[in-house]
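Residues per chain are reported as follows:
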Amino acid sequence: MITKTSKPRSIPNSDAELVSILMPRPLHDAVDYPYALSVLDMMAGFQMNADQEDYFDAVATFVERYESEHQVIVAIIADRQESHVVKSRAATAPGRCPVFFE
């Protein structure tokens, strides 16, 4: 689980420092994706130099590609989670209709 922390006072200035945080490359799994999002979140809102902007754009492009390629999977997972919440709430509700929630 990713937890939000306070933003740093500054972000790395050079390509080498930025790459040491996260190599800008295609995202391949559910570990890469949230980590890349956290890097973008960390950088958002800062005045950036040209290297920082290029890095941000590269990571954002890989995030966008990952999201577009995995959109169906994310939608299915969200739908299943929502369905589970509805069923669990209904199961504890008085006068529930068991046929509807089975």
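How each quantity is defined
Residue positions are given per chain, counted from 1 along the sequence in the order it is written. Confidence filtering applies because this is a predicted model: local features only for residues at pLDDT of at least 70, side-chain atom pairs given and counted only at 80 or more, and all residues used for totals across whole chains, interfaces and linings. The side-chain values count all of the structure's non-hydrogen atoms but skip hydrogen atoms and water molecules. The helix count covers DSSP runs of H or I at least four residues long, the strand count covers runs of E at least two residues long, and both are numbered beginning at the N terminus. Between N or O atoms, a polar contact is any pair within 3.5 Å; within protein, one atom must be a potential hydrogen donor and the other a potential acceptor, and residues adjacent in sequence are included only when both atoms are from side chains. Contacts between residues were defined by any pair of non-hydrogen atoms, one from each residue, lying within 4.5 Å. Here, nonpolar core refers to any group of buried Ala, Val, Leu, Ile, Met, Phe, Trp, Tyr and Cys residues whose side-chain atoms link them within 4.5 Å. To sort residues, take the accessible area from a 1.4 Å probe on protein chains only and compare it with the maximum for the residue type: under 20% means buried, over 50% means exposed, and anything in between is partly exposed.

### Description of the side chain of Asp 32
Take Asp 32: it is sitting in helix α2 (residues 32-43). A distance of 3.1 Å separates a polar atom in the side chain of Asp 32 from the backbone nitrogen of His 28. Among all residues touching Asp 32, those that are not within four sequence positions of it are Arg 25, Pro 26 and Leu 27.

### With respect to the nonpolar core
Within the largest apolar cluster, 15 residues are counted, with the highest numbers of intra-cluster contacts made by Leu 22, Leu 27, Ala 36, Met 43, Tyr 55, Val 59 and Val 63. Mapped onto this core, the elements with two or more residues apiece are α2 and α3 (50-69). When residues of this core are assigned to their parent elements, the largest contribution, 6 residues, is made by α3. Apart from the residues within four sequence positions on either side, Leu 27 is in contact with Asp 32, Tyr 33, Ala 36, Phe 62, Val 63 and Tyr 66.

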